[in-house]
Structure formats: C-alpha cells, structure tokens
Amino acid sequence: MSVDQKLGQLVQAAGGRSKSLNSRLTDAELDRVRAGKVGSYLHVAGAEALGELQRVAVEESEHGIPLLFAMDVVHGYRTIFPVPIAIASSFDPSAWEEAARISADEATSAGLHWTFAPMVDIARDARWGRIVEGAGSDPYLSSVMAAAQVRGYQGASLGEPHTMLATAKHLGAYGAATGGRDYGSADLSERTLHEVYLPSFYAAEEAGVGSFMTAFNDIGGQPVTGTEALVDGILRDQWDFDGLVVSDWNAIAELLNHGVAETRGEAAVLALQAGVDMDMTSGVFETDLKAILDGNPALTADLDRAVGHILSVKERLGLFDQPFAYHDAGREEASLLTEENRAAARDIAARSMVLLKNESQTLPLSDPAGDILVIGTLADDHLTQLGSWRARGEAGDVISILDGLTDAAPDGVTVSYEPGGNIQTADEDAVDAAVQAAETAGNVILVIGEDYDLSGEARSRSSVELPAGQKALADAVLAARPDAVVLLVTGRAMAIPDIAETADTILLTWMLGVEAGPAVADVVYGARAPAGRLPVDFPRATGQLPLTYSETPSGRPANPDLSVDSNRYMDLPITPQFAFGHGLTYSTFSYGQPQLSKSAVGPQEAFSISVDITNTSDRDGEDVVQLYMRDPVSRTSRPKKELRGFKRVAIPAGQSVTVTFTLSPAQSATYDDDGSWLIEAGRLDFMIGPSSDSTSGQVTVEVTEAAETRVPAAAIETEVSVQ
Ligand code: BGC
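Reference entry: report on the structure contained in this document. Source: prediction; values computed, not measured. (Residues numbered from 1 in each chain as written. Predicted model: local features only at pLDDT ≥ 70, side-chain atom pairs only at ≥ 80, totals over all residues. Heavy atoms only, no water.)

### Quick look at the overall build of the protein
We apply this condition: A run of DSSP states H or I qualifies as a helix once it reaches four residues; a run of E qualifies as a strand once it reaches two. Both are numbered from the N-terminal end. Atoms counted for the radius of gyration: C-alpha only. Globule rule: 2.2 Å times residue count to the power 0.38. Any two residues having at least one pair of non-hydrogen atoms within 4.5 Å are treated as being in contact. Each accessible area is a Shrake-Rupley estimate made with a 1.4 Å probe; only the visible protein chains count as cover when residues are assessed. Two residue types count as positive, namely Lys and Arg, and two as negative, namely Asp and Glu; His and chain ends fall outside the count. All charge positions are set by atom: Lys at NZ, Arg at CZ, Asp at CG, Glu at CD.
A count of helices and strands for the protein gives 21 helices and 29 strands. The globule rule puts the C-alpha radius of gyration for 723 residues at 27 Å, and the 26 Å found for the protein is close to it. Taken over the C-alpha atoms alone, the protein extends approximately 75 × 60 × 45 Å along its principal axes. Residue pairs at least 24 apart in sequence account for 78% of intrachain contacts in the protein once pairs closer than 6 positions are excluded. Total accessible area on the protein is roughly 25000 Å²; 46% of this is exposed by carbon and sulfur atoms. Taking the average place of the 52 positive charges on the side chains of the protein and the average place of its 103 negative ones, the gap between the two points comes to 2 Å.

Written out as structure tokens, the structure reads:
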C-alpha cells in the first residue's frame, strides 16, 4: 500500500456535515472513497445505501479495501431499549446481553459493522450528563455489565453478519470530570484510576471487545488521546489488547485546545504515537501527517501498526471475503422493530425499574378503588423515553406512560390526564388544574423528573434537583395527595428530598425506550413486580456529590451522636437518600446467616459463601442478593464496602433458595505503582444483603499468604449458583 492509501485507512469520516444520520453521500464524497481516502464512516445507515458505498470502495478504489460503517448504537437501533443506566439497574447481565444482541441484529441488518458501545465509564457525580450512558458508580457492576454487552454485540464470532464490533469507551476516566462538567479534566490518583475507573475497560477487553475509544478529557494534565502511557501503556502493554483504537469525535485536533500540541501535525503525531489508530472526523491524519512521515522511520512504523489494526478488524468482520454480507435490504425490512424485539424491550424495561418507596403498599394498583388521574407532561412525552442516543429510534414508535396506563387500566377504571405545566418553569394555572383534579381523583399517579434533553453528552447540570416546573408541580400535588404514586423519569441520580419525605410511593422508571408505557403499566398494575436496584447512590442534595457507598473510611467516622469531630455535614445527614443497591419489590425476603466453605485460603484458592433467602410473602418474587467485601486492615485504607457479587433470583412465595458465591482472594487485590496487583495476606470480611446499606451476617476469611497478580480486582467476576 502507498503512504496515501495507508493514511486513508486511518480516516473516519462522518456521513453528512453534522452528527445527524445521513446515508446520502455526495459525489465528491464518493470520489474520496474511490481515491482510497477513507477507511470508515460513522453516522451512516441503511442496507442499500451503504451497500452502494461499499461497492464503490471494493470495486472502484485501487486497493479494493472495504469500508467500516459505524454508529452509536448505544441502547438499541430502531427498537430502543431503556437507557443504559436503567438496564444496569436490572442487576441482570442477561438483560443487557439480550438488548445488545437485538441491537446488533437490527443495526447490522442496516449495513452497520461497528457500534460505539458499551460506554463503561464510572460515574459518581450525577451532575455529569453522561451518567445516563453507563452502569453507574460501581467498578464491579460496570465490569459485569460491560462484559455482558460485549457478548451481546459481538456474539460468538464477529464474522457472522448478525454481530457487530463493540467499543469500550471512553478510556480511561472520562466520568471523573471535575464538578461533573463534561469534557473537563479528571484529577485522580493512580490507585483510583486503576481500582475504580479502569476495571470495566479491562473486563470488556477480557470479554474480547474489538475496539476502544479514547476519552476527550485529560487525566491530571495528560489528554488521553495524546498520551502513550495511557493508551499503549495500559491497553497494549499491560492488557495485551491487539484490536483497534479510535479517537473520540475531533479529539485529536482538540489536543491543540488542551495545549499539548501547537500544530495539527504535532497533534497527529502525539495521537499516533500514543496508540490511536483511527481519527474520528478531525482529519489530521489525512491532512497533516504525510509531510511529517517523510524521513521518520519510527513514525512510519507507528503508521503501519495502526493500519494493521484496522485491516485486522476488517478481516475479523469477514469484510474481505464477503464485503456485502451486511447489505441485504430484505433482511433490514424484516428485522427492525419486530413484535419479538418490542416484547424484549418491554420485558427489559420492566426489569429496569426500581421501587424506591412503597410505604403503604399502594403499589401494585391491581384493584384500584376509583378512577386514575395521571399528572405530568412527562407522562405524555414520547421522545423522552428514547433518552440520550437513539440511533434510528423514532418518537412515534414509543408507547408513552400515559398510553400504557390507559390501555391496560383494569376493567371499569377510567384514566384521565392533567399535564401540570412544563419542565423548566412553573405554570401556575396548569399546576392549579392538576391539584384540583387530584383532590377528587380516586388514585393519582404523578409522573415527574427530567426530559431527554437534560441528560446525555454536554448536558451536565449544576444541580441534580428537580427542574423548577417539576418541583412546583410535585410540591403542590403531594401537598394535596401524599398518597400519589410518584413515577420518577430521569437519566441521572436525582436529589428529591421533599418527595422522598412526603410521598408514600416512588417508582424510579428512568427512561424506558419504545415500550415504556406497557412496561410501566405491567409494574403499576401488578402483572410484573419491580425488582431493579440502584446502580448509583441517590444524594439528598447536589452538594453531596460526588457520592459512593464505596468510599474509604474516615479517621473520624460519621457518628450521629457527635455534633463535632465526625465525618458529617452541618446541614444534612451524610448518608445518601437512597443507597446503592436499594430497591423494593412486591414480595418480602429474609436472609439466613452466610456460610463459608473455608475459613482460611491461599491467595489462589477459590472459596465460597452461601446464604439462604426465604420469600416471606404470599407473592412469587425476585430478590437481588448482594455480596460486599471489606478488607479491614491493609497497607492502604480500603473502601468501607465493595460489591463483589450479586444475583437476581426468582423465589416462589413461601420458599427458600440458596445462593452461592464462589470467589478468589484476587478480588481483594490492591493496585501497586508498578502496574501489578498485590493480594495481601490477612482478613477479608464479607457481608450479604439486599442493598449496600442493609447487609448483615458478616463472615471472615483469612488469606494465608500474599501474592501478585496482574488483573484489576473489580474486573474478576464472581461465579454464582442458585439451588
Ligand atoms: C461521543 C462519543 C461518540 C462519538 C460519535 C462523541 O461526541 O463522545 O461517545 O461515540 O461522539 O458519535
């Protein structure tokens, strides 16, 4: 290949001028393909249009190398599933695997080879708008969900045209942006980077993810996209990754804004040397690298390496043998938004909801006394249910909460509706009308929260409280009807202290995709029970952020009996409003005393912890059994609790199951500065329960000697069995 041809492979161009979908490329664009100046397109779609583009690349370019077609298929292609943070709330990796499998099937039917998902960034600051795209705050939960998505998208073989290349993004601590400000700097210790932010990336790598995307931001002054130690050093040297690394949108050119390059050429060199293979849209590899390559054999070797990674991926996808395998218009027609896919979306949506409060057992409304009044503009908002990133999803495909509740209302029950004003500003007349109707209604369902436009990329908020219009509505309606069922629609953890105090019943629905309405109706009317759990702590106020149950202990621990000298706020309890792992259901469960298989183990010796859980209610139900670890004495202060296993398990009324977690001491390893991980000798405590703030029955294992490992502890998945 000529240098120009090689450089062409590194170029990822956008179909259309903006980020909008556009499959109609211009003649000038087709000439670019003929000239071999593009290796990949993003934000294009359509089996036929992309087939034609592929034909030009394969038949009319000199080298005949096929193109890679990419899109952000993040939680569905046409059948939109719940937003990622919602699916993570299912605490059920099989739900994510299924959503990813269907998404891949639909997207590949439309000619796509590559998705920019899973987003595996840890987010502990809900001001960050992109918290909606990931699995929340916990490295273990995120690792399990990352691996499940990779399995779902990539299947058993990437060469099969129903599977697509997945991307773990955005390496490495994009979610740690200071103050939750998107694209902002992350300043964190090496230990936190490796123990908290990187394990989910490693888990994706172990699951065989074919590509990684570097983050926009810098870590401690080192913009990831231009930093060899962060890309090559971690991915390729430490983890042996041999796939494709793509930059984020325009991120290579943005190295100039970061102030680490003076010219586009310098930026291109930094990124190529760092290990970035493909340039998403900034054009610097295309325009600025050639002159610098002349007489620079080291850089030429970097170029060859990058081209090698890109061609290998094309080969893994089978594109050299069958470049048109993804371009069957008949298959596209038959694959999108099928009844079967909708049914899966409904099921996964039902699994994603979290019942935060149900004090008077108002839910389920299986036999409501009187009619139902639904209040809130979000109840009738179709677009919001699609959330951030909606690929080819259409608002018209969505069954709204209002329609779902109306269609499935029990016989003889009428559903009426009051919008109650808009999101941002209070509309007094609309609020009054809602309150008036609420005063006489048999049952009130109040749907409040954020709309789709308040979370997602570049949608950070300085406050995670309800927007003013929603707050005014909620306060007024709950003053009149504290028995109203609150449905919280959101893409982030929110601070809702007043509602948490006043309302009897709060169901967190997140944003649930095309089948939002039927799924909400299933749960509200009791055909399904909610059993999701919080993948992130819900704060009492914005000022509590960042927040995680998994912080290290203070030397002066929180003590409600001490007014000074303890870890506290003067104006707020230090605990979250709703803790990580919290979630109720329509059944009740009791836990037995955990049993250990061995009380002392060597550093490589597996051991197990079993617990009996009994459904103490008269309704079949599902519980999410959670295993937490604590290393009480270590060379560094360790988190108060760390999730190390979970199982969503069905337990029939009145019956018991035994859940067994099989672990390895390597799951307690701590990061060492030289890149290794040390399993320390000594005690490990384990606690089991239905939530991070409700664990009991501590058992202790003694690790008899120390050992080294190279694997991030939180990325090691615990085996779980149920009897
Ligand atoms: C986002 C990425 C996304 C890319 C392509 C960027 O702005 O940060 O997550 O994959 O755009 O759409």
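### Overview of unusual backbone geometry
Here the amide bond leading from Leu171 into Gly172 is cis, since omega sits at 0 degrees, within 30 degrees of zero. On the secondary structure map, Gly172 appears in the loop between strand S5 (167-171) and helix H7 (190-197). In this structure, Pro364 follows Leu363 across a cis peptide bond, with omega equal to 0 degrees. The residue Pro364 is located in the loop between strand S11 (354-358) and strand S12 (372-375) in this model. One non-glycine residue, Asn250, lies in positive phi territory at about 65 degrees. Position of Asn250 among the secondary structure elements: in the loop between strand S9 (244-246) and helix H10 (255-258).

### Section: the sheet that holds strand S1 (residues 11-14)
Heads up, the rule is: DSSP bridges decide pairing: two strands pair if at least two such bridges lie between them.
Here we have five strands laid out as an open sheet, ordered S4-S3-S2-S1-S10, and parallel in their pairing. Looking along the sheet, the strands with just one partner apiece sit at the ends: strand S4 (114-115) and strand S10 (279-280). In this structure, S1 lies alongside S10, joined through two bridges in parallel fashion. In the sheet register, Gln12 faces S10, and the bridge partner there is Met280.

### Re a negative patch on the surface
Rule in force here: Each patch groups residues whose relative accessible area exceeds 30% and which form no salt bridge, using 9 Å between like charges and 5 Å between nonpolar side chains of Val, Leu, Ile, Met, Phe, Trp and Tyr. Salt bridge criterion: a side-chain nitrogen from Lys or Arg within 4 Å of a carboxyl oxygen from Asp or Glu.
There is a patch of like negative charges on the surface, built from Glu190, Asp673, Asp674 and Glu708. Its location among the elements puts Glu708 in strand S28 (residues 707-709).

### Some remarks on the pattern of salt bridges
What counts here: Partly exposed residues are those whose accessible area sits between 20% and 50% of the maximum for their type, while under 20% is buried and over 50% is exposed, using a 1.4 Å probe and protein chains only.
For the structure on display, the rule yields 46 salt bridges. Linking Arg151 and Glu97 is a salt bridge whose minimum nitrogen-to-oxygen distance equals 3.0 Å. In this pair, Arg151 is assigned in helix H6 (residues 139-154) and Glu97 in helix H5 (residues 93-109), connecting sequence segments 54 residues apart. Residue classification places Arg151 among the partly exposed residues on the basis of a relative accessible area of 35%.

### Thoughts on the environment of Val73
Note on placement: Val73 falls in the loop between strand S3 (68-71) and helix H4 (84-89). Along the chain, Val73 and Ala669 lie 596 residues apart, while their C-alpha atoms are 35 Å from each other. Sequence-distant contacts of Val73, defined by excluding residues within four places in its chain, comprise Ser103, Ala107, Leu112, Thr115, Ala117, Tyr153 and Met164.

### Let's talk about the side chain of Thr214
Mapped onto the elements, Thr214 comes out in strand S6 (residues 211-214). Of the residues examined, Thr214 reaches a relative accessible area of 0% and is grouped as buried. Residue contacts for Thr214: discarding those within four places in its chain leaves His170, Leu171, Val224, Thr225, Val231, Val245, Val246, Ser247, Asp248 and Val276.

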